[in-house]
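Summary of structural features
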Amino acid sequence: MRVQVAIIGAGPAGLLLGQLLYRAGIDSIILERRSGEYVLGRIRAGVLEQAAVDLLDEGGVGKRLHEEGLVHGGIELCFDGVRHRIALADLTGGKHVTVYGQTEVTRDLMDARAAEGGRTIYEAEDVSIHDFDSDRPKVRYRRNGTVHEIDCDFIAGCDGFHGVCRETIPRSAVKEYERVFPFGWLGILADVPPVSDELIYVNHPRGFALCSMRSRTRSRYYLQVPLEEKVESWSDERFWVELKRRVDAEAARTVITGPSIEKSIAPLRSFVAEPMRFGRLLLAGDAAHIVPPTGAKGLNLAASDVRYLSRALIDHYRSGSMKEIDAYSGKCLRRVWKAVRFSWWMTSLMHRFPDTGDFGQKIQETELYYLTGSTAASTSLAENYVGLPFED
Ligand code: RFL
Ligand code: PHB
């Protein structure tokens, strides 16, 4: 079989790329290791930058997002027992973020691809990529015991942090940068109304907490926990008691609790692999970089890579030029590193580290007072949170 672009991974990066290429008349196939239901069962990101919303609109998949997404013009930072609002929209000339779960984004993209007859092979086993340093890359996979081979012009490595694409690149050709944080986030999803209309990021001596949501009737809450913590040790009851100890008194009084419908622990990590292109293999999303979720940037960065990659491929097929493909890695990485810096900074500011101590706690609170009291400092946070501009 032959296609123009073979996409590895049906997460948001792979599906969105497939959609944008389809709209431009470029033929692709997506190979996904898991089943569609498994991919939809992963509860992950919840906050979309305007640029990600615009890109989903460009892909023709924004309808439900605009009907059901919650548009937020601010976030709250809670510290020293009091909440302070960062007026994102006022500070950024009217930019907002949209709360719409990654599961829903993925579902909309899968539905659009199915309706358009796009090819996605779920449960593709032993996917391997070959000859991407030549003009004739190949992809192989196995399904129901039969090995298939695909010839293509380009391979898009959208297969996440544990994927096969980055791993196949010779070690000597990649430079990896990494920081693993000494804690994780325990998250629960529950069908209860959110405690507040906006997200609350909490700095507390007992550890970070986040009050988020998926809709007006579905909430997502997180607690900072030690890395070695087991999810089985956290009954719903224990989770709610701990959350109430970390949030402000009013939130503790008014939060509506209920049975969890999902509960999991995610480690926090910053990671970047450079460059993001090797010949005709182009990495996008978590396959090339990971950020801790504190800045709500992971999914948005995947969309930002796909924006550059789709434009580069479309330009190539229209003009025959490799100029935009050549520029891809540099353009992505300049924006990626800014999000890596912001996510690291938000994580450092809001979490309790093993060496934070009383002094560190005071410094964090003082930085938070400065941040919420200074228009210059709040504007810096706001412009990063809503998403920095693109190069083109
Ligand atoms: P994904 O979503 O990981 O999708 C990659 C896909 O590739 C498949 N795959 C393979 N397919 C074929 N062959 C192979 N060998 C393969 N290996 C892997 C996988 O099954 C999968 O379907 O990467 P993508 O598309 O780059 O999207 C990135 C986002 O998913 C990610 O950045 C965010 O979800 C990160 N993230 C969060 N980001 C936020 O902005 N806000 C959040 O609140 C937030 N919470 C989270 C998160 C990531 C988490 N992970 C990774 C554990 C919470 C969690 C728990
Ligand atoms: C979420 O709703 O899952 C979420 C929101 C904001 C973050 C991280 C996670 O910074």
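In what follows, the structure referred to is the one given above.
Residue positions are given per chain, counted from 1 along the sequence in the order it is written. Labels are handed out in written order, letters beginning with A for the chains and numbers beginning with 1 for the ligands. Thresholds applied to this predicted model are a pLDDT of at least 70 for local features of residues and 80 or more for the giving and counting of side-chain atom pairs; totals over whole chains, interfaces and linings are not thresholded and use all residues. Side-chain numbers come from the whole structure's heavy atoms, not from hydrogens or water.

1. Side note on the site of ligand 1
What surrounds ligand 1 is a group of 28 residues, the closest being Ala13, Glu32, Arg42, Gln102 and Asp286. Arg33 is positioned such that a nitrogen or oxygen atom in its backbone is 3.1 Å from a nitrogen atom of ligand 1. Within 3.5 Å is the distance limit for a polar contact, defined as a pair of N or O atoms, with the added protein rule that one can donate a hydrogen and the other accept it, and that residues adjacent in sequence qualify only through two side-chain atoms. Between ligand 1 and Arg42 there is a distance of 2.6 Å, counted from an oxygen atom to a side-chain nitrogen or oxygen. A helix here means a DSSP run of H or I that spans at least four residues, while a strand means a run of E at least two residues long, and both kinds are numbered starting from the N terminus. Of all the secondary-structure elements, those providing two or more residues to the shell around ligand 1 are α1 (12-23) and α10 (298-319). For this purpose, a residue is taken to be near a molecule or strand whenever a single non-hydrogen atom of the residue falls within 4 Å of it.

2. A closer look at the pairing of strand β13 (residues 175-190)
At least two bridges found by DSSP between two strands is the condition for calling them paired. By the bridge criterion, 13 bridges tie β13 to strand β17 (residues 260-274) in an arrangement that is antiparallel. Across the sheet, the residue bridging to Val180 is Arg269, located in β17. Inspection of the sheet shows β13 paired to strand β16 (residues 219-226) by 8 bridges, in the antiparallel sense. In the sheet register, Ile188 faces β16, and the bridge partner there is Tyr221.

3. Thoughts on the packing of aromatic side chains
Pairing of aromatic side chains requires ring centres within 6.5 Å, counting the rings of Phe and Tyr and the six-membered ring of Trp. Pairs whose planes differ by under 30 degrees are stacked, by over 60 edge-to-face, and all others tilted. Scanning the entire structure with this criterion turns up 15 aromatic pairs. Arranged with centres 5.0 Å apart and planes meeting at 80 degrees, the rings of Phe183 and Phe353 form a pair that is edge-to-face. Taken together, the residues span a long stretch of sequence, with Phe183 in strand β13 and Phe353 in the loop between α11 (323-350) and α12 (357-373) at a distance of 170 residues. There is no split in this pair, since Phe183 and Phe353 are both buried. Note on Tyr201 and Tyr385: the rings are 6.1 Å apart at their centroids and 85 degrees apart in plane angle, and the pair reads as edge-to-face. Taken together, the residues span a long stretch of sequence, with Tyr201 in strand β14 (residues 200-202) and Tyr385 in helix α13 (residues 375-386) at a distance of 184 residues. Between buried and exposed lies partly exposed: a residue is buried under 20% and exposed over 50% of the maximum accessible area for its type, with that area taken using a 1.4 Å probe on protein chains only. According to the relative accessible area criterion, Tyr201 is buried, its value standing at 1%. Among the aromatic residues, those joined into a ring-pair cluster are Trp185, Tyr201, Phe208, Tyr222 and Tyr385. Positioned over the ring face of Tyr385 is Lys297, at 5.6 Å from the centre of the ring. Two limits define a charge over a ring: the Lys NZ or Arg CZ must be within 6 Å of the ring centre, and within 35 degrees of the ring normal.

4. Let's talk about helix α6 (residues 102-116)
Counting along an α-helix, one turn takes 3.6 residues, and residues three or four places apart therefore face a common direction. Counted at 1.5 Å a residue, the expected span for α6 with its 15 residues is 21 Å, and the 21 Å between its end C-alpha atoms agrees. Buried within α6 we find Gln102, Thr103, Val105, Thr106, Asp108, Leu109, Met110, Ala112 and Arg113. A positive phi of about 75 degrees marks Gly117, the residue just after α6. To estimate the expected span of a helix, count its residues, drop one, and scale the result by 1.5 Å.

5. Quick word on the layout of surface pockets
Estimated volume of the second largest pocket: approximately 230 Å³. Every residue along the wall of the second largest pocket is listed here: Ile43, Arg44, Glu68, Gly69, Tyr100, Gly101, Thr103, Glu104, Leu189, Arg214, Ser215 and Arg218. Nonpolar residues are Ala, Val, Leu, Ile, Met, Phe, Trp, Tyr, Cys and Pro. Charged residues are Asp, Glu, Lys and Arg, and all others, Gly as well, are polar. Grouping the constituent residues of the lining of the second largest pocket by class yields 3 nonpolar, 4 polar and 5 charged. Buriedness of a pocket was judged along seven lines, with at least five required to meet protein on both sides within 12 Å; pockets are open sets of points on a 1 Å grid over the protein atoms alone, cavities are sets where a 1.4 Å probe fits but cannot get out, and lining residues have an atom within 4 Å of a point. Grid points are joined across faces, edges and corners, and a volume is the space filled by probe spheres set on the points.

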